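# Commentary on secondary and tertiary structure
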Amino acid sequence: MADLADDEGGDVTTYLSCLATMKSDRSTYDTWCQEVADLTLPKRDFTTHRSANTSRKMRIYDSTGVWCTTALASGLHGNLTPTTSKWFAFDPPKQTDDEGRKWLNHTEDTLFRNFAEPGSLFSSQSFEMYLDLVAFGQGVMIPLFIDGRVVYRSRPLNACWIRENDEGIVDTLYYECEKRPIDLIRYMKKNDGEVHKNVQQAYEDGKVGKIKVLHVVEPRDEHYGRDAVATAKPFKSVYIDVTNQFMMKESGYNTFPYLVPRFSKRSGETYGYGAGHDAMPEVRTANKYAEVMFRAAAKNVDPPALLPSEGVVLPLKLDPNGINYYDPTGPKPEFWQNGFNPNYLAGVLKDKQALIKSLYYIDWMNMPDRGTMTASEFIGRSQESMRNMAPINSRLEAEFLARLIERSVELNIANGVLPPPPPSLQGNNVGITYTSPLAQAQRAANSNAVLSGLTIASQLAQFDPSVVANVNANAIFRDQALSNFNWPVEYLHTLDEVEATQAAQREQQQVAGQAQTAETYSKAAKNGADTLQGLTGGTA
């Protein structure tokens, strides 16, 4: 078992006080997020605490918000981090040698294999993160090294509180969860931590009550760099038993371990805002319209009964073929017809649903209706829709994708899955080129500009053929293949090989030209001899 401690370890009061302040500061935001959750992502909770396996859609009459949240999350997942194709490539520095390029290629392959492995949980956990990102404006994920590979875990937003530094980068996170005594003992034993004596006693007594645990990650005021011991690394990591107010473990990280992307953010604020926040007024209104329509339809199908104060045998039998008795000398029972047509709001509701889809960028993520468009028009319209996502994509690249790649590489190197980078890469910044469908569509504007220029050149060449001499076709092709279409370098011959091929072709053309010239001279000489012989009557 993990080591036991009788006394409180360390000063946990500061951390618990900070947590209380962070919770208080976010209370209004949590209330708003709860409303978003109720109507767009009901399996999430913020201020409401519901039992497991209970129905959470009792307030939903129109599911447009729920559908849009899932659709946009699926679109981001498939267009930013698809597990079936490579979505990024390393851009090596100019001084990188062959060994460095091989290391980068090997690292790319290792990461993509890990992303695609079901055991890494990347696909499922990143989708949960995307759902939070779309609905509430941020998600939380942490890569962990477990059983010989990197495994990814999303964290519930209602249990995570964050802070950012002066540069607007999230560098502090408090994560609160609950663990059974046996689970907490096993975790601390595996990670060289200690548990309070009450936890051990609870386990021995067979108690099933859960222990509240707090994980704190924040910058360390004084540290000794990446090569320092765990308790002196740049980022502090503290595990606290909140129930017993006991510090179980303190260690550290070289870099901030959590990934906290935000959909969009107000200047001066920490927490993000998602499409769910933007669309909430329309989602709320559409939900109310649908509720009114259902209630009106129910009243028309089963309207209220108008009965005289006496002379009717109760209760009324309203089932089919029911027989009711009343005093024929008194008023006759009848049903109250309000005359309201439930379809009156159908058109308004349809307009609201279309507006909600626009606020969720569904019209941008989906392929346009092809109709009578040509293939070129269809491709152009699709790429234009993708380019409209550029502001969202740029923030996700900085706060999620880049951090995801960096943290995954760091964990693989630290645990021996990847060797250290070769000397030509150490101390140099390695760029990242994103090759996902969304990134490629946004770079397609460059390709369209090149094609437009070539079209103009071909048209002008009809009047002046010398215009073609201005176009370096080889340079255009290499730039487009490598930069915009992300061909592997191995698909292309090197510049030296291309030059050698072109030189051989020029030599062949020169030899062929000389042979044709010699043949022309030979024929001319023969024709001249034949003519001379004819003039002299065949005599020399």
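Shown above is the structure to which this text applies.
Summary of the structure given here.

Ordered by their spatial adjacency, 5 strands build an open sheet running 5-6-8-9-10, and the pairing between neighbours is antiparallel. Where the open sheet ends on each side, the last strands, each with one partner, are strand 5 (160-164) and strand 10 (246-253). For this sheet, the mean inter-axis angle between neighbouring strands, taken without regard to orientation, is 15°. Sitting on the sheet, helix 1 (residues 13-25) is in contact with strand 5, strand 6 (170-179), strand 8 (211-219), strand 9 (235-241) and strand 10, with an inclination near 90° to strand 5.

Turning next to the environment of Gln 200. Within the secondary structure layout, Gln 200 lies in helix 7 (residues 197-204). Sequence separation between Gln 200 and Ile 185 is 15 residues, and the spatial gap between their C-alpha atoms is 7.5 Å.

Let us look at the pattern of salt bridges. Per the counting criterion, the structure on display carries 22 salt bridges. Ionic pairing is found between Glu 176 and Lys 23, a salt bridge with its closest N-O pair at 3.1 Å. Here Glu 176 is found in strand 6, whereas its partner Lys 23 is found in helix 1, with 153 residues between them in sequence. Under the relative-accessibility criterion, Glu 176 is labelled buried at 12%. Judged by relative accessible area, Lys 23 falls into the partly exposed class, the value being 30%. Through salt bridges with shared partners, a single network forms among Glu 164, Arg 262, Lys 265, Arg 395 and Glu 399.

Definitions and limits used
Residues numbered from 1 in each chain as written. Predicted model: local features only at pLDDT ≥ 70, side-chain atom pairs only at ≥ 80, totals over all residues. Heavy atoms only, no water. Pairing = 2+ DSSP bridges. Helix = DSSP H or I, 4+ residues; strand = E, 2+ residues; numbered from the N terminus. Axes fitted to C-alpha atoms, helices over the stretch in contact; angles between N-to-C directions. Contact = heavy atoms within 4.5 Å. Salt bridge = Lys/Arg side-chain N within 4 Å of Asp/Glu carboxyl O. Buried < 20%, exposed > 50% of the residue type's maximum accessible area, 1.4 Å probe, protein only.

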